[in-house]
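One-letter residues, chain by chain:
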Amino acid sequence: MRAMKAMMLTGVSSLRENKSPLKLVSIPVPEPDPGEVLIRISICGVCHTELDEIEGRTPPPKFPVIPGHQVVGTIEKTGSGALKFRPGERVGVAWICSACGRCHFCLEGRENLCDNFMATGRDVNGGYAEYMTAPENFVHPIPDFFSDAEAAPLLCAGAIGYRSIQLTRLKDGDLLGLTGFGASAHLVLKMVRHRYPNTQVFVFARKEQERAFAKKLGAVWSGDITDRSPEKLNSIIDTTPAWKPVVEALANLEKGGRLVINAIRKEETDKAYLQQLSYPEHLWMEKEIKSVANVTRRDVVEFLELAADAGIKPHIQVYPLEEANKALLELKEQKIRGAKVLQIT
Ligand SMILES: [Zn+2]
Ligand SMILES: [Zn+2]
């Protein structure tokens, strides 16, 4: 039986105490079940959600598990009845790995809300490995425009950023705020510049370097998380793991505006900040808060097309697979110079 390298997660721990939560292991290459494909992985993106899995905010249902849900590689083998792809084709796998296909959410195209939603790299093994299997209907072709490393971060940060924009109900010319300026937000900024040319984007970020980067990418204004924007904003997308930016964003929101929270979980550390929530200042005048949950296959496919069309390529930082722990730790410490990806083969 052929063996492969993988970075395996065996349990929940705090990254502050355990700086190497993933262990390098050698395990058998999986076999595709009927309807599945086996993918030889070239690149897997590193996502903030992996920190949530490792630290138990969205824990995997069973261990050990191989994390990673921004996977790019080539089809190595197809299982029986899997006819969509041929060996050698370049494909990607995103956060959504399967859904029931029968419930009313699935039938309405809101499979991201399905009770049986399965996430790549949490509920089933993901891409921090040389190979993985996935149902062929949840595997997507990658447009030629992107290299493997450029495509990987688009599969999560990009697709969920696209979903966040849809949920803001943004119209061209509306004023948009982004609080937090990591991988997803910088892709959102590029997407908005292409799709909504009359929309001005205001960026709130803790670090001067992030604020400068936002201006470079076309934000009209950037400030700290607690700053007031020069104008009230019609929509704001929050991509931070904290609560302070939520309260502060509500203060910057225009009447009838909507705050979209794009975070799978919030950390508990600054929850007390919610005590500063003032109904008249932060919520009255029909302000809304909406969260973003997961992605649908349609989000992934539409976003990849849009990104190729708009020439959107993420800034990336490459690590070898064996340095996955280092990449995760740097993400935790917010040492961010573009989207982090693991080079596998
Ligand atoms: Zn992700
Ligand atoms: Zn369903």
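These remarks concern the structure in this document. All values reported here derive from a predicted model rather than from experimental measurement.

As for the coordination of the zinc ion (ligand 1)
Here is step 1: Every protein donor of the zinc ion (ligand 1) is listed here as C47 (SG), H69 (NE2) and C156 (SG), and their distances to the metal cover 2.0 to 2.2 Å.
Here is step 2: Here the donor residues of the zinc ion (ligand 1) share one chain and are spaced in sequence as C-x21-H-x86-C. One end of the pair, C47, is in the loop between β3 (36–45) and α1 (48–54); the other, H69, is in the loop between α1 and β4 (71–78), with 22 residues separating them in the sequence. In this structure, C47 and H69 share a single accessibility class: buried.

Quick look at the nonpolar core
Here is step 1: One finds I165, L176, L178, F181, V188, M191 and V192 to be the most contacted residues of the largest nonpolar core, which totals 53 residues.
Here is step 2: If you list the elements that add at least two residues to this core, you get α3 (148–168), β10 (176–179), α4 (183–195), β11 (201–204) and α8 (297–310).
Here is step 3: When residues in this core are grouped by element, the largest group, 11 residues, is from α3.
Here is step 4: Those residues in contact with M191 that sit more than four places away from it in its chain are G158, G161, Y162, I165, F303, L306 and I312.
Here is step 5: Counting 40 residues, the second largest nonpolar core, distinct from the first, contains M8, V37, C44 and L51.

Section: the pattern of salt bridges
Here is step 1: Inspection of every chain in the model, using the stated rule, returns 24 salt bridges.
Here is step 2: Residue E302 is joined to R298 by a salt bridge in which the shortest nitrogen-to-oxygen separation is 2.7 Å. Here R298 and E302 lie together in helix α8, a separation of four residues that amounts to about one turn.
Here is step 3: On the basis of relative accessible area, E302 is assigned to the partly exposed category, the value being 24%.
Here is step 4: Looking at R298, the relative accessible area reads 60%, which means it is exposed.
Here is step 5: Through salt bridges with shared partners, one network takes in D52, E55, R57, E267 and K332.

Quick notes on helix α5 (residues 208–216)
Here is step 1: Regarding α5, the residues found buried are E210, R211 and A214. The arc enclosing the buried residues of α5, seen along the axis, measures out at 100°, which places them on a common side. Away from the buried face of α5 by more than 90 degrees, exposed residues E208, Q209 and K216 are located.
Here is step 2: Buried residues belonging to α5 abut α4, β11 and β12 (221–223).
Here is step 3: Backbone geometry just downstream of α5 places G218 in the positive-phi region, at approximately 115°.

About the criteria used
- Residues numbered from 1 in each chain as written.
- Chains lettered and ligands numbered in written order.
- Predicted model: local features only at pLDDT ≥ 70, side-chain atom pairs only at ≥ 80, totals over all residues.
- Heavy atoms only, no water.
- Donors = N, O, S within 2.8 Å, 3.2 Å for Na, K, Ca; no water.
- Helix = DSSP H or I, 4+ residues; strand = E, 2+ residues; numbered from the N terminus.
- Buried < 20%, exposed > 50% of the residue type's maximum accessible area, 1.4 Å probe, protein only.
- Core = buried A, V, L, I, M, F, W, Y, C linked by side-chain atoms within 4.5 Å.
- Contact = heavy atoms within 4.5 Å.
- Salt bridge = Lys/Arg side-chain N within 4 Å of Asp/Glu carboxyl O.
- Arc of directions from axis to C-beta.

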